[in-house]
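So the chains spell out like this:
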Amino acid sequence: MSDARFIVIGGGVVGAAISYGLARLGHPVTMIDGADDAFRASRANFGLVWVQSKGLGKPDYAAWSRRSAALYEDFRAELEDESGVDCAYHRPGGVTLALSDDELEEQVAILGQIRGEAPAGEFEFEVVERAQLDNMLPGLGPEVVGATYSAHDGETNSLFLLHALHGAFQRRGGAYVQGHHVTGIEAAAGGGYAVSTADGTVHTGDRVVVAAGLGNQELAARVGLEVPVRPVQGQVIVTERADPLLSMPTLNVKQTREGTFMLGASQAEVDYDITTDAAVLKRIAARNLRAFPFLSDLRVVRSWAGLRVMTPDGFPIYDQSPSHPGIFIATGHSGVTTAAAHAYVLADYFSKGEIGAELAGLSSARFHVQA
Amino acid sequence: MSAAVDLAIVGAGPAGMGAALEAARHGLRPVVLDEHGAPGGQIYRNIEGVTRDRPGDLAVLGADYGAGAALVAAFRAADIDYRPGSAVFEVGSGGLGVLSDGVARRLEAREIILATGAMERPVPQPGWTLPGVLSAGAAQTLLKASNLVPAGRVVVAGSGPLLFLLAWQLAEAGVDIAAILRTSPRGNLWRALPHALGLVGNPDVAKGLGWIRALKRRGIPFLEGVTALAAEGDDRVERVRYRRAGGETVLPADTLLLHEGVVPNPQLARASGAAHDFDAARGHLAARHDDWLQTSLDGVALAGDGLRIHGAKAAPALGRWAALGCLLRLGRLEAATAERGRAEARAEVARAARPQAFLHELYRVPDEPMTPRDDDTVVCRCEALTAGEIRRALALDVPGPNQLKAFLRAGMGPCQSRMCAPTVARMFAARDGRGVTEGDHFRLRPPVKPITVRELAEMQDLAAD
Amino acid sequence: MFRRRAAPAATVTVRLDGEAVAAAAGDSVAAVLLAAGADYRRHGVGGAARAPFCMIGNCHDCLVEVDGVANRQGCLVTVAEGMRIRRMRGKPVLAT
Ligand SMILES: Cc1cc2nc3c(=O)[nH]c(=O)nc-3n(C[C@H](O)[C@@H](O)[C@H](O)COP(=O)(O)OP(=O)(O)OC[C@H]3O[C@@H](n4cnc5c(N)ncnc54)[C@H](O)[C@@H]3O)c2cc1C
Ligand SMILES: Cc1cc2nc3c(=O)[nH]c(=O)nc-3n(C[C@H](O)[C@H](O)[C@H](O)COP(=O)(O)OP(=O)(O)OC[C@H]3O[C@@H](n4cnc5c(N)ncnc54)[C@H](O)[C@@H]3O)c2cc1C
């Protein structure tokens, strides 16, 4: 049923990747999105396509992240063809720097466990000693003791990725409706579903994808799904452009293709607050300056606070409503990393009407409180 | 953590000085922060230096400039904690972030007055990024601060009352102005006329007409109704092209000075989170304020041209007005005293600002060039983004400026959208066939002044965490 | 192209790309470069020639290297004796 008409709620990187994937399969798709000032993690993130450290205790999710990373270069090239926008993805590998032996030990333990949980040979990482690290990254501070490295890791310009997805989606004939807040999802009289927005407009479709970031909990509840997402604030600093220096991203510092350095990121449970805090920014600057003292005289051009879309265990949720078949949910953290899998794999499942068995462990059932 | 000061004033222009003097008069010693090394603001830039080192130039710069000397002298003499060379990069949560001599500090303040002034309205023209193309105010600043004037063939273009003052000052300073190209549409005059009542004999209007007459007496060509202005050249301006009365003209030029009026510089107030609305009549964002000029943020007031363009003469009175509100909230003044002072200040502002409504209509900037027709015109100077690139992204039905910023990096460069925000806002309104709104402007975040990673990492006087 | 209308009351000597240049005390760095000739800087995005536009801290087109620190706003930095000023050619190159 490739002519099934889809309504996707949410135009962040999750909604846009799925919308693009569905349009690419030939479905008529309407993507409904909020206003310019809505919370959008997709405009506030770090742009890592990151595999190491993902999925501790959840090998299905670790595998899902690796799968997306493996698809990413084709994804980038296809999006550039279709939209004219290069999202600057590359996969030089990535490192997590340690500023003390304790930090390094802890990281190595986590990655070791993730490797142990993965099928043999599917997830590799290396522990890099300081001397070796100096051949990989210039200008490291004296406190850097070493790092973990994984060849799976890469990075993208997540803002250009969002641009590319929107462009490619519309080029494929997808309809984009912005500035509308979805308030209702109901079974339509003649079959399918009616999605209504705050201003009274109703969009009807055969199937619905709920991918509205922090709006998901409320929307999913309307179709009998428990999707406990909450905001986790992260603050980020960006500097002015400089000549290329870092050829590889690290977990907290990366240089974009334009030349700016991004310094991240804090974690705080502060509800829906997106104001930056000087004390937090100071801490981010200080920590990353210890890693890369050459950042010292670069000027900060911007700082911001964004809201991660976080589930209780940190892993995404993919599910279909039991009461409203044909209504799907896709949400969670690391939507940039999983974007290629969302566009190519998840959209295909939604098109077929059934989510693949390998994602069963990511259904919302895991949050149902047993009576 | 440092103890909080009662009153911190940002800006030592006429508004900030007026506010500081009022506070001092009532026995409160305010802190005044200004990134410049000397008081005066934009209008009285380097007034002390000119008076001391080249007093002959007071005649060149005109009586209004010289009048600043008395205000600056009073400011210097009063009991005020004046801190020159201090750039304020953040305002919020009862304090400010201040950068001076490479050290960032947090200053807690119970009351804050932002008297950060105006900026020239950035209007993109083809070729406006070429060296040799400057704002007219830039040339004036160079004349006041460094006694520099443009050499060679100088063309002045644009509109607004300051344009004629600046041209007059340059001419008095010995600059040979090749032509003055006036861009305000003729229709503006008709819309402005109803506001002209009561302006007969107004000294400021008379002064403006006097500059125009003096410039014409020098034989400088005044060309009205100029459109499609463009600067051309390789690596610097060599020619100015424009259309007028159906014909196209190319003038050789070494310097092109542009000016389309001044607008409040919204950067610090907007980044602090103070609510703003788009003032359609004046064509710029304006902060919401109460009867004491306090913004939507408790304890943060605005004064001077940063509030509304009322002009330099009204600025000290606006500063006093805001200061009275602070003193009242601090419990340093009786309500009746504060209200009496406010009534006087209000009357003074009204008097000084009388020609403003007329001038706003007369010099209203038309949609073209604010929505550049030419796809190659650079809109975002920092990111070198053109009108065509922006229009292509707008065609994807981008919901607003913040999404546009993400898609293109528009407004993401070091100027933090100061130069492109008004244009981008107009382009959104044009796309959607409606008037400009506050929501058409980029969200601003601190720091609004360049601070380095090290300065941020070593920021002092922050609450211990 | 700007010219000085009169000899300054007091001068300081700065190094502009290594050359000694006399500047007026109190001058902004941008004014010194504008008085010194046509060439100001190359933009870090696209490499076009750029020079100051607003002179009051808004446009960020007056960026210049001062005493080893890149991208300072030339219009807001006042000259000092012995100051090392360099014209920028594109993005800053960081020293590691
Ligand atoms: C370039 C220019 C030239 C002008 N020339 C004239 C003129 O000749 N005649 C005339 O009538 N009007 C002129 N004006 C109009 C001007 O707005 C005056 O009406 C008057 O200067 C306004 O006074 P003010 O105190 O409100 O602001 P300003 O005089 O602009 O003073 C604001 C002060 O705040 C400081 N400041 C701003 N932001 C910060 C910050 N973040 N941190 C620290 N300090 C900060 C500035 O350095 C400045 O000294 C000019 C405007 C501009 C932009
Ligand atoms: C600081 C930070 C750093 C991060 N770093 C990374 C990283 O390096 N790598 C990575 O993979 N991930 C990272 N993330 C996470 C990533 O950004 C998010 O997982 C992803 O952006 C989530 O996308 P989304 O589309 O689900 O949500 P959002 O981007 O929040 O979009 C949700 C959209 O839904 C719309 N919406 C909401 N409710 C409604 C409604 N009722 N009706 C209509 N529309 C609605 C909103 O308007 C919005 O556009 C980071 C996040 C943060 C905050």
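Position numbers for residues start from 1 in each chain and track the written sequence from start to end. As a convention, the first chain written is A and the first ligand written is 1, with the rest following in written order. The model is predicted, so local features are restricted to residues of pLDDT at least 70 and side-chain atom pairs to those at 80 or more, both for listing and for counting; the totals for chains, interfaces and linings are taken over all residues. Remark: hydrogens and water are excluded; side-chain values derive from all non-hydrogen atoms of the structure.

## Focus on the overall build of chain A
So, step 1. Segments assigned H or I by DSSP are reported as helices when at least four residues long, segments assigned E as strands when at least two residues long, and all are numbered from the N terminus. Looking only at helices and strands, chain A has eight helices and 18 strands in total.
So, step 2. Radius of gyration: over C-alpha atoms. The globule rule applied is 2.2 Å multiplied by the number of residues raised to the 0.38 power. Over its C-alpha atoms chain A spans a radius of gyration of 21 Å, differing by no more than 12% from the 21 Å that the globule rule assigns to 371 residues.
So, step 3. Reported as C-alpha extents along the three principal axes, the dimensions of chain A are approximately 70 × 45 × 40 Å.
So, step 4. Here, residues are in contact when the closest pair of their heavy atoms is within 4.5 Å. Intrachain contacts of chain A at a sequence separation of at least 6 include 73% that bridge at least 24 residues.
So, step 5. Of the accessible surface of chain A, which amounts to about 13,400 Å², a share of 51% is contributed by carbon and sulfur atoms.
So, step 6. Distance from the positive charge centre (29 side chains) to the negative charge centre (44 side chains) of chain A: 3 Å. We get accessible surface area from the Shrake-Rupley algorithm with a probe of 1.4 Å; when it comes to residues, only the shown protein chains can shield them. A positive count includes Lys and Arg, and a negative count includes Asp and Glu. His and the chain ends are not counted in either. By convention, charge coordinates are those of NZ in Lys, CZ in Arg, CG in Asp, or CD in Glu.

## A closer look at a nonpolar patch on the surface
So, step 1. The patch calculation keeps residues exceeding 30% relative accessible area without a salt bridge and links them within 9 Å when they carry like charges or within 5 Å when they are nonpolar (Val, Leu, Ile, Met, Phe, Trp, Tyr). Salt-bridge detection follows one rule: a side-chain nitrogen of Lys or Arg within 4 Å of a carboxyl oxygen of Asp or Glu. On the surface, a nonpolar cluster with roughly 340 Å² of combined accessible area is contributed by Leu 189, Trp 190 and Leu 193 of chain B.
So, step 2. Relative to the assigned elements, Leu 189 of chain B resides in helix 8 (residues 187-192).

## Observations regarding the environment of Gly 10 of chain A
All names here are of chain A.
So, step 1. Along the chain, Gly 10 turns up in the loop between strand 1 (6-9) and helix 1 (13-24).
So, step 2. For every residue, the accessible area obtained with a 1.4 Å probe (protein chains only) is divided by the maximum for its type, and the residue is called buried under 20%, exposed over 50%, and partly exposed between those limits. A relative accessible area of 8% means that Gly 10 is categorised as buried.
So, step 3. Note: C-alpha distance between Gly 10 and Gly 213 (203 residues apart in sequence) is 7.1 Å.

## Overview of the sheet that holds strand 7 (residues 69-73) of chain C
Residues and elements named next belong to chain C.
So, step 1. Any two strands with at least two DSSP bridges between them are considered paired. With respect to topology, five strands assemble into an open sheet ordered 3-2-8-6-7, the strand pairing being mixed. Edge strands, defined here as strands with exactly one partner in the open sheet, are strand 3 (19-24) and strand 7. The average angle at which neighbouring strand axes cross in this sheet is 45°, direction not considered.
So, step 2. Strand direction decides the pairing type here: strand 6 (residues 63-66) and strand 7, joined by three bridges, are antiparallel. Its bridge partner being in strand 7, Leu 63 is matched across the sheet by Gln 73. To get an axis, a line is fitted to the C-alpha atoms, and for a helix only the part in contact is used. The angle between two axes follows their N-to-C directions and goes from 0 to 180 degrees.

## Considering the interface of chain A and chain B
So, step 1. The partner chain B presents 36 residues to the 43 residues of chain A that form the contact.
So, step 2. The term buried area means the drop in 1.4 Å probe accessible area that two parts suffer when joined, counted for both and summed. In total, chain A and chain B occlude about 3,500 Å² of area from one another, counting both sides; carbon and sulfur atoms represent 56% of this.
So, step 3. Summed over the shared surface of chain A and chain B, the number is one salt bridge.
So, step 4. The partner of Glu 383 of chain B in a salt bridge is Arg 241 of chain A, and the shortest N-O contact between them spans 2.2 Å.
So, step 5. N or O atoms closer than or at 3.5 Å make up a polar contact, with two conditions inside protein: a donor-capable atom paired with an acceptor-capable one, and, for residues adjacent in sequence, both atoms drawn from side chains. Our count for the contact surface shared by chain A and chain B stands at 18 residue pairs in polar contact (both at pLDDT 80 or more).
So, step 6. For the side of chain A that touches chain B, the secondary structure elements donating two or more residues are helix 5 (158-171), strand 13 (230-241), strand 15 (260-263), helix 7 (278-291) and strand 16 (299-310) of chain A.
So, step 7. The element that contributes the greatest number of residues to the side of chain A that touches chain B is helix 7 of chain A, accounting for eight residues.
So, step 8. As a working rule, the residues Ala, Val, Leu, Ile, Met, Phe, Trp, Tyr, Cys and Pro are called nonpolar, Asp, Glu, Lys and Arg charged, and the rest polar, with Gly in that last group. Counted by class, the side of chain A that touches chain B contains 20 nonpolar, 12 polar and 11 charged residues.

By themselves, these figures tell us nothing about what the structure is for.
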